[in-house]
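# Structural overview for review
Here is how the chains run, residue by residue.
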Amino acid sequence: MTGMDTIPSVWRYGLALLIVIAGFGAFTWYLTTGISSSFGGLSQMAAPGELELDLKEPGEYTIFYENKSYFNGSFYMTAEQIPGLQIVVMEKSSGRRLPTYPAPTSSTYSIGGRSGQSFMAFRAEDAGIHVINASYPSEPGPKVILAVGNEVMEGLLRMIMVSMTLILVSLLIAAIITYTTYKGRKKALEAER
């Protein structure tokens, strides 16, 4: 066995580079598909109007006002504010009205031609069909698009954390490979002298 057999190959540097590229690729893919699926999961409705929403789980749901949106084949661009819009949420089976309140966190998004901001929220104690009615009780207002979902921002934060973890792990693995290759080559070359 010659000294050259024990020297770590230079191809390991290439492997480290490929791992970094794969990490960035996974980061980009996971983030873009996750963001579009998060907002694609929001249920949209035109207001004034009514939406029957089959909630799969209890919890807090946020209602977003989309001032730029695409809904039922039409594009909508409306003002930043919607004064006078009233939201009523009811459990369909019991007819019980759920209290609505200002969204606890101010969240905005802009993706794929849609931009919105959180403005109302409600807490569903049970899963099942809930009816959301949006109207202008005092005077007519503009037709606007609302979107409803739960844990949207929490899901985005989780997605960002997973994406960052993917990239950091790939950088760490590449750094370990690069360091061990460098140290191994240096030690083997010094032993040859």
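Scroll up a little and you will see the structure.
First, a word on scope: everything that follows refers to the structure included in this document. In this text, all values refer to a predicted model and were calculated from it rather than measured experimentally. (Residues numbered from 1 in each chain as written. Predicted model: local features only at pLDDT ≥ 70, side-chain atom pairs only at ≥ 80, totals over all residues. Heavy atoms only, no water.)

So, on to the nonpolar core. Residues Leu-85, Ile-87, Phe-122, Ile-132, Val-144 and Leu-146 are the most contacted members of the largest nonpolar core, which totals 22 residues. Elements with a contribution of two residues or more to this core: β1 (43-47), β2 (49-55), β3 (59-71), β5 (86-91), β9 (114-124), β10 (128-135) and β11 (144-150). (Core = buried A, V, L, I, M, F, W, Y, C linked by side-chain atoms within 4.5 Å. Buried < 20%, exposed > 50% of the residue type's maximum accessible area, 1.4 Å probe, protein only. Helix = DSSP H or I, 4+ residues; strand = E, 2+ residues; numbered from the N terminus.)

Of the consecutive residues Ala-47 and Pro-48, the connecting peptide bond is found in the cis state with omega at 5 degrees. Mapped onto the elements, Pro-48 comes out in the loop between β1 and β2. Within the chain, Asn-72 stands out as a residue other than glycine whose phi angle is a positive 50 degrees. By the element assignment, Asn-72 lies in the loop between β3 and β4 (74-77).

This part is about the pairing of β4. Note on strand geometry: in a regular strand, side chains alternate between the two faces of the sheet. The pairing of β3 with β4 spans 4 bridges and is antiparallel. What sits directly across from Lys-68, in β4, is Met-77. Hairpin connection from β3 to β4: 2 residues lie between these consecutive antiparallel strands, with Asn-72 at a positive phi of about 50 degrees. (Pairing = 2+ DSSP bridges.)

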